[in-house]
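Residue-level listing of the chains:
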Protein chains: 4
Amino acid sequence: MTHTAKLTVRSYECDSYSHVNNANYLNYLEYARMEYLNAIGFDYKGMVEEGYYLYVTHIDIYYKASALLGDELSIQVIPVKMGAVSGTFHQIVAKADGTVCAEADVSWASVNAQTGRPCKLPAKFMVEGLQPETN
Amino acid sequence: MTHTAKLTVRSYECDSYSHVNNANYLNYLEYARMEYLNAIGFDYKGMVEEGYYLYVTHIDIYYKASALLGDELSIQVIPVKMGAVSGTFHQIVAKADGTVCAEADVSWASVNAQTGRPCKLPAKFMVEGLQPETN
Amino acid sequence: MTHTAKLTVRSYECDSYSHVNNANYLNYLEYARMEYLNAIGFDYKGMVEEGYYLYVTHIDIYYKASALLGDELSIQVIPVKMGAVSGTFHQIVAKADGTVCAEADVSWASVNAQTGRPCKLPAKFMVEGLQPETN
Amino acid sequence: MTHTAKLTVRSYECDSYSHVNNANYLNYLEYARMEYLNAIGFDYKGMVEEGYYLYVTHIDIYYKASALLGDELSIQVIPVKMGAVSGTFHQIVAKADGTVCAEADVSWASVNAQTGRPCKLPAKFMVEGLQPETN
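Below, the structure is looked at part by part. (Residues numbered from 1 in each chain as written. Chains lettered and ligands numbered in written order. Predicted model: local features only at pLDDT ≥ 70, side-chain atom pairs only at ≥ 80, totals over all residues. Heavy atoms only, no water.)

**Examining the sheet that holds strand S4 (residues 86–95) of chain B**
Part 1 of the reasoning: Here we have ten strands laid out as an open sheet, ordered S1(A)-S3(A)-S4(A)-S5(A)-S2(A)-S2(B)-S5(B)-S4(B)-S3(B)-S1(B), and antiparallel in their pairing. Each end of this open sheet is capped by a strand with a single partner; those strands are strand S1 (3–8) of chain A together with strand S1 (3–8) of chain B. Taken pair by pair, the neighbouring strands of this sheet meet at an average axis angle of 25°, ignoring direction. (Pairing = 2+ DSSP bridges. Helix = DSSP H or I, 4+ residues; strand = E, 2+ residues; numbered from the N terminus. Axes fitted to C-alpha atoms, helices over the stretch in contact; angles between N-to-C directions.)

In structure tokens:
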């Protein structure tokens, strides 16, 4: 499955270069992953209530073009890897005209909220869209 | 040259997991790079006034341990690559007890502020510490 | 004129209390004011290009109920005062069920971007919706 | 008691006007209040562990001068009101040369973390510095 979240660049996300600051892209990516989880029916709230968190473990992001105030961005989310307690999403941030602003691989791990240690999520949370599509 | 910036985790930098959010590490890294530039005598303000910006082009960051409210973090900055219009810093975010919270390579390019296109900075800005140490 | 901007609370806007942090409301308010300015045909980009800024001079905000991850918020913007170089908007942040999360008065001044001193905007920028409605 | 927290303006706190964005002042104020609570021996961590939060209920802030990248700011915190479940701090953000950038009254309430409803903190948390000085 692929999912595309949309947002419009807000004034307070721009820095003194008048473009979206590099850290704010990570916020955008997080927002898009949450939308993705919603779209595939992942019970995020239930997961937290049962004592699990999703930690980000690695981000590899290339910044390719500046995004400016008012730009309408789409953020594609594509699962590309999935293990027992971790996975990776590929994410592409693009403008309405197709210009790619940033492209990233974001890896996550499921952890026990008390200890912060990686652990398997209960089976009921493991919805299909977490895994890469196979052909 | 190596430089270490220090900061203490503030309440508003922590998310609903009560640890520093992944995007805020990029703010920390930026802060430490600015401190580094100050320490080596790089004239950042002068550079902006003459119409140049430093863009971040690539960040590869591993999150290794959670940082919590009040943690005193040190952020090491080490130049590891330097070309005509770009370079890379290695950065390590660690707690007082030596636990590494995050480790990253951050690449930058000097650009013309009007066009956003890579361009050489005038020679006067090219202070020594931008380059990796050679043995 | 009254205008209502809409947004959904994002994960990174929530703090360790799992609700929207007080500072993020000010971002929401800014976002809604920018949407308002767009809606009334105010040429924000043109104003900046001609060397003017809009500074916020005073915010009086009451926090009344917590907003949580995923909450759909509407932010009403109502001009309530207007002078030669300043004005005030009343803004109400509410949930879909009508619960008011925050209510604020935000005052602004038009300034010369070089000096930061209050100054009149050229007449062409003074669109009608900046002023309170009169009966 | 009066307490003064210090910080230096970081690059990512500045917006496209190249000054500290209005929302970031609220972060600064929060940071200074946390430092104040530390200074008076308030057991914030213990309070959270026992199921209480401190909510901000009202902020009245005047922005008086711009703070810029690298400015060293001091933030004074003075308790000015104290009731059974709420209180108010007066806070002044100033530059090294004494220029006041912002001045605010921030009111808070102690709440039950489960319900978000105001409630008294156990007596052991009620250290002296929460209250205004009497002459």
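**Description of unusual backbone geometry**
Part 1 of the reasoning: Phi at Ser18(A) is positive, roughly 60°, even though this residue is not glycine.
Part 2 of the reasoning: Along the polypeptide, Ser18(A) turns up in the loop between S1 and helix H1 (22–39).

**What about the sheet that holds strand S2 (residues 52–63) of chain C?**
Part 1 of the reasoning: The strand order across the open sheet formed by ten strands is S1(C)-S3(C)-S4(C)-S5(C)-S2(C)-S2(D)-S5(D)-S4(D)-S3(D)-S1(D), and the pairing between neighbours is antiparallel. The sheet terminates laterally at strand S1 (3–8) of chain C together with strand S1 (3–8) of chain D, the two strands that pair on one side only. With strand direction ignored, the average angle separating the axes of adjacent strands in the sheet is 25°.
Part 2 of the reasoning: As judged from the eleven bridges shared by strand S2 (residues 52–63) of chain D and strand S5 (residues 100–112) of chain D, these two strands associate in the antiparallel manner. Looking at the pairing, Tyr62(D) lines up with Glu103(D) of S5(D).

**Comments concerning the relation of the copies chain A and chain B**
Part 1 of the reasoning: Once turned by 180° and shifted 0.0 Å along the axis, chain A lies on chain B with an RMSD of 0.0 Å. The operation mapping one copy onto its partner corresponds to a two-fold rotation axis. Rotation axis and chain A: the residue whose C-alpha lies nearest the axis is Asp60(A), separated from it by 2.1 Å. (Least-squares fit on C-alpha atoms with pLDDT ≥ 70 in both.)

**Here's the deal with the state of the cysteines**
Part 1 of the reasoning: Applying the stated rule across the entire model yields zero disulfides over all chains.
Part 2 of the reasoning: Residue Cys14(C) stays outside any disulfide, its sulfur separated by 11 Å from that of Cys101(C), the closest cysteine. (Disulfide = S-S within 2.5 Å.)

**Some words on the packing of aromatic side chains**
Part 1 of the reasoning: Counting across every chain of the model gives 29 aromatic pairs over all chains.
Part 2 of the reasoning: With 5.9 Å between their ring centres and 35° between their planes, Tyr55(A) and Tyr17(B) make a pair best called tilted. On the criterion of chain membership, the pair formed by Tyr55(A) in strand S2 (residues 52–63) and Tyr17(B) in the loop between S1 and helix H1 (22–39) is interchain, its members lying in two chains. For the pair formed by Tyr55(A) and Tyr17(B), the shared burial category is buried.
Part 3 of the reasoning: On the basis of an interplanar angle of 65° and a centroid distance of 6.0 Å, the ring pair of Tyr25(C) and Tyr28(C) is categorised as edge-to-face. Of this pair, Tyr25(C) and Tyr28(C) are both found in helix H1 (residues 22–39), three residues apart, which corresponds to roughly one turn of the helix. The exposure classification of Tyr25(C) matches that of Tyr28(C), with both residues buried. (Phe/Tyr/Trp six-rings, centres within 6.5 Å; stacked < 30°, edge-to-face > 60°. Buried < 20%, exposed > 50% of the residue type's maximum accessible area, 1.4 Å probe, protein only.)

These results come straight from atomic positions and should not be treated as a statement about function.
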